[in-house]
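Letter by letter, the chains look like this.
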Amino acid sequence: MLAGTGSDVGKSVIATALCRIFRQDGYSPAPFKAQNMALNSYATPDGFEIGRAQAVQAEAAGVPCHTDMNPLLLKPSSDHTSQVVLNGKPMGNCGAYDYFRKDEGREVLRKEVNAAFDRLSSHYNPIVMEGAGSISEINLRDTDLVNMPMARHAGAKVILVADIDRGGVFASAYGSIALQTPEDKKLIKGIIVNKFRGDLRLFDEGVRILEDICKVPVLGVVPYFKDIHIEEEDSMELAGKQHNAVSGKVNVAVILLRHISNFTDFGMLERDPRVNLYYTNNVEEIGKADIIILPGTKSTIDDLYEIRRNGVAEAVLRAHKDGTTVLGICGGYQMMGLSVNDPDGVEGSTKRMPGLGLLPVDTVMENSKVTRQVSFRFRDNDGCNGYEIHMGRTEPAADAKCTSLNTFTDGTKDGCFVDERTMGTYIHGILDNPQAIDSLLAPFASAKNGNQATSYTEFKQQQYDLLADHVRQHINMPLLYKIMSEDD
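Conventions we followed
- Residues numbered from 1 in each chain as written.
- Predicted model: local features only at pLDDT ≥ 70, side-chain atom pairs only at ≥ 80, totals over all residues.
- Heavy atoms only, no water.
- Helix = DSSP H or I, 4+ residues; strand = E, 2+ residues; numbered from the N terminus.
- Rg over C-alpha atoms; globule rule 2.2 N^0.38 Å.
- Contact = heavy atoms within 4.5 Å.
- Areas by Shrake-Rupley, 256 points an atom, 1.4 Å probe, with all protein chains shown as cover.
- Lys, Arg positive; Asp, Glu negative; His and termini not counted.
- Charge placed at Lys NZ, Arg CZ, Asp CG, Glu CD.
- Disulfide = S-S within 2.5 Å.
- Buried < 20%, exposed > 50% of the residue type's maximum accessible area, 1.4 Å probe, protein only.
- Pairing = 2+ DSSP bridges.
- Axes fitted to C-alpha atoms, helices over the stretch in contact; angles between N-to-C directions.
- Phe/Tyr/Trp six-rings, centres within 6.5 Å; stacked < 30°, edge-to-face > 60°.
- Lys NZ or Arg CZ within 6 Å of the ring centre and 35° of its normal.
- Core = buried A, V, L, I, M, F, W, Y, C linked by side-chain atoms within 4.5 Å.
- Salt bridge = Lys/Arg side-chain N within 4 Å of Asp/Glu carboxyl O.
- Patch = residues over 30% accessible without salt bridge, like charges linked within 9 Å, V, L, I, M, F, W, Y side chains within 5 Å.

*Asks:* Please give an account of the overall build of the chain that cites residues and values.
*Replies:* For the chain, the count of helices and strands is 16 helices and 26 strands. What you see for the chain is a C-alpha radius of gyration of 23 Å, in line with the 23 Å of a compact globule of 488 residues. Across its three principal directions, the C-alpha atoms of the chain cover 70 × 50 × 40 Å. Long-range pairs, those at least 24 residues apart, make up 73% of the contacts in the chain with a sequence separation of at least 6. Accessible surface, the chain as shown: approximately 20700 Å² in total, 48% of it carbon and sulfur. Separation between the mean location of the 51 positive side-chain charges and that of the 65 negative ones in the chain comes to 1 Å.

Next comes the structure, spelled out in structure tokens:
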């Protein structure tokens, strides 16, 4: 288990690297995180939902993703409530206080995540487990499902990941271990210092000090990297992507919604040499874009209300009137329509919200959730793949002047295409397909020369290998294998 001194210390990335390394070394690894909180999710091959990070780790391990890899997913819908997804299926919304109460329901969840681990470990070896946040939140110790109680159930060897970039690495590592019970302290077998900047030799003495005060070995000091691209799990990563429009490239503005989800949809487009992609809710930068994308959201009605309130909706409409392309994906597709209706209160108390009116479609929210992987034809381009995760049904209005954007392999339709500058779809990952990117950029190709999009699947595989090489170079893998094989 990779446990953390805090959130965002790099557990997920190290876990991804180890999944790849173990696969390269001839093992059959699989990732596991008992409980994940994230808006970036993914549809499994059998049509269920898990956190995107575990899907990425499964991809690095070379195995199909499964709900047993992330049996409990929390998708925040407000500051205090989340949708609870158990074994890939939504179970309803829950407030934070009720969720973390110690009661019979909590123990039911514990049995479910333990059972998922047991099933997974009967098929794969080793299991690369990931904790959540800090392992030293002792006020939540009795209700914790994902950190040390999970390690105890699994008999896991725990490696503590500490982020040196944020400072306080000695205090955070020492404190995280010191605050454990004697039983749990025995499970912690080593430390990985992550996100180091500068000359590694400057921390040689730091390694010796950490080992002296923590009484466990430091397995490695992993340098910070910028030139390896692994899909992010957390929207905090978007803070560094809120730059501006530039000249000489196709400027793509992704609207920065409050409840933005599945922004991994734009990984391939972001790395296209023809494109300058940035996230924004600044009306001036929206107006400078060649293409505006309304992304997925966990709360369509709430975000639609917010972009009307803050002027973003008006800026999008003004830009579209001036010739800017607007593409909506999932919740963004719903927003582009004539109305979003919620008669059963799936998202809250608002029963109806007018859409942006760019697409002649209406959406009705429904309690059932669509989660599936799909193969489809994008306009006239066959061989495309993606996935759907949404609550809601969108249909053309009477006398609608639009055609479907996509056709599934069974002949059913998806999305709405008015013209090459106005379209929407429910399909996440549509822009992982070179055909879709080339079509989207086609109106700007003569002015912004560049290469056609290449395979995103191939690119990601290359990045997993680069990440594995980087981590292998800086972690004592023989020592890690020795720790893993020892009997306690």
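Still to come is the rest of the account.
*Asks:* So what about the state of the cysteines? Which residues, and what values?
*Replies:* Overall, the coordinates contain one disulfide when judged by the stated rule. Covalently, Cys402 is tied to Cys416 through a disulfide, its sulfur atoms 2.5 Å apart. The chirality of the disulfide connecting Cys402 with Cys416 is left-handed, given an S-S dihedral of about -135°. Separated by 14 residues along the polypeptide, Cys402 in the loop between strand E22 (381-396) and strand E23 (406-408) and Cys416 in strand E25 (residues 416-419) bring together distant segments of the chain. For Cys402, a relative accessible area of 21% gives the class partly exposed. On the basis of relative accessible area, Cys416 is assigned to the buried category, the value being 0%. Cys19 provides the cysteine sulfur closest to Cys65, a residue in no disulfide bond, and the two sulfurs are 12 Å apart. Left without a disulfide partner, Cys384 is nearest to the cysteine sulfur of Cys330, which lies 18 Å away.

*Asks:* Describe the pairing of strand E8 (residues 89-95), and please don't skip the residues or the numbers.
*Replies:* Sheet analysis places strand E7 (residues 81-86) next to E8, joined by five bridges and oriented antiparallel. When the sheet's bridge partners are listed, Leu86 is paired in E8 with Lys89. Turn length for the E7-E8 hairpin, with the two strands adjacent in sequence and antiparallel, is two residues, and the turn residue Asn87 shows positive phi of about 50°.

*Asks:* An account of the pairing of strand E16 (residues 291-294) is needed here, citing residue identities and associated values.
*Replies:* Taking every second residue as pointing to the same face, both faces of E16 are buried, with Ile291 and Ile293 on one and Ile292 and Leu294 on the other. Pairing of strand E13 (residues 250-255) with E16 involves three bridges; the strand directions are parallel. Bridging from a neighbouring strand, Val252 pairs with Ile291 of E16. Bridge count between E16 and strand E18 (residues 325-329): four bridges; the pairing is parallel. The residue of E18 that forms the bridge with Leu294 is Gly328.

*Asks:* A description of the environment of Val169 should follow, citing residues and the corresponding values.
*Replies:* Examined against the element boundaries, Val169 turns out to sit in helix H6 (residues 169-178). Between the C-alpha atom of Val169 and that of Leu431, which follows or precedes it by 262 residues, the distance is 39 Å. Ignoring any residue separated from it by four or fewer positions in sequence, one finds Val169 in contact with Ala162, Ile164, Val193, Phe203 and Leu210.

*Asks:* Explain the sheet that holds E25 residue by residue, including any values.
*Replies:* One open sheet accounts for six strands, arranged E15-E13-E16-E18-E26-E25; its pairing is mixed. Bordering the open sheet on either side are strand E15 (275-280) and E25, each of which pairs with just one other strand. Averaged over all pairs of adjacent strands, the angle between strand axes in this sheet comes to 15°, irrespective of strand direction.

*Asks:* Please provide a residue-by-residue account of the sheet that holds E8, values included.
*Replies:* Taken in spatial order, the four strands make up an open sheet running E3-E6-E7-E8, and their pairing is mixed. In this open sheet, the two edge strands, each paired with only one partner strand, are strand E3 (35-37) and E8. Neighbour-to-neighbour, the strand axes of this sheet turn through a mean angle of 25°, independent of strand direction. Sheet topology note: the E3/strand E6 (residues 72-76) ladder contains three bridges and is parallel.

*Asks:* Give me the lowdown on the packing of aromatic side chains, citing residues and values where you can.
*Replies:* Applying the stated criterion across every chain yields a total of nine aromatic pairs. Relative to Phe117, the ring of Phe32 lies with its centre 5.5 Å away and its plane at 75°, an arrangement referred to as edge-to-face. With Phe32 in strand E2 (residues 30-32) and Phe117 in helix H4 (residues 104-121), the pair connects residues that are 85 residues apart, well separated along the chain. The burial state of Phe32 is the same as that of Phe117; both residues are buried. In this structure an aromatic cluster arises from ring pairing among Phe22, Tyr27 and Tyr481. Geometry around Phe408 places Arg372 over its ring, the cationic atom sitting 4.6 Å from the centre.

*Asks:* How would you sum up the nonpolar core? Please name residues and give values.
*Replies:* With 81 residues, the main nonpolar core has Leu2, Leu18, Phe32, Ile191, Val193 and Phe203 as its most contacted residues. If you tally residues by element for this core, the top one is helix H1 (residues 11-24), at seven residues. With residues near it in sequence (within four places) discarded, Ile191 still touches Ile159, Leu160, Ala173, Ile177, Cys214, Val216, Pro217, Val218, Leu219 and Gly220. Listed in part, the 65 residues of the second largest apolar core include Ile301, Leu304, Leu356 and Val361.

*Asks:* A description of the pattern of salt bridges should follow, citing residues and the corresponding values.
*Replies:* Here the idea is simple: oppositely charged side chains can pair when their charged atoms come close. A full pass over the atoms with the stated rule returns 26 salt bridges. The closest approach of N and O atoms between Arg472 and Asp25, which form a salt bridge, is 3.0 Å. Linking Arg472 in helix H15 (residues 456-474) with Asp25 in the loop between H1 and E2, this pair joins segments that are 447 residues apart in sequence. Between Arg52 and Glu231 there is a salt bridge, with the nearest N and O atoms lying 2.7 Å from each other. Of the two residues, Arg52 is situated in helix H2 (residues 52-61) and Glu231 in the loop between strand E12 (218-223) and E13; the sequence distance between them amounts to 179 residues.

*Asks:* Residues and numbers for a nonpolar patch on the surface, please.
*Replies:* A contiguous nonpolar patch, built from Phe170, Tyr174, Ile209 and Ile213 and spanning about 320 Å² of accessible area, is present on the exposed surface. Looking at the nonpolar patch, the elements with two or more residues in it are H6 and helix H8 (204-214). Within the fold, Ile209 resides in helix H8.

*Asks:* Explain unusual backbone geometry residue by residue, including any values.
*Replies:* Most peptide bonds take the trans configuration, and most residues that are not glycine carry a negative phi. The peptide bond linking Asn125 to Pro126 adopts the cis configuration, its omega dihedral lying at 0°. Among the structural elements, Pro126 can be located in the loop between H4 and strand E9 (127-129). Unusually for a residue other than glycine, Asn87 sits at a positive phi of about 50°. Along the chain, the position of Asn87 falls in the loop between E7 and E8.

It is worth stressing that arrangement in space is one thing and function is another; only the former is reported here.
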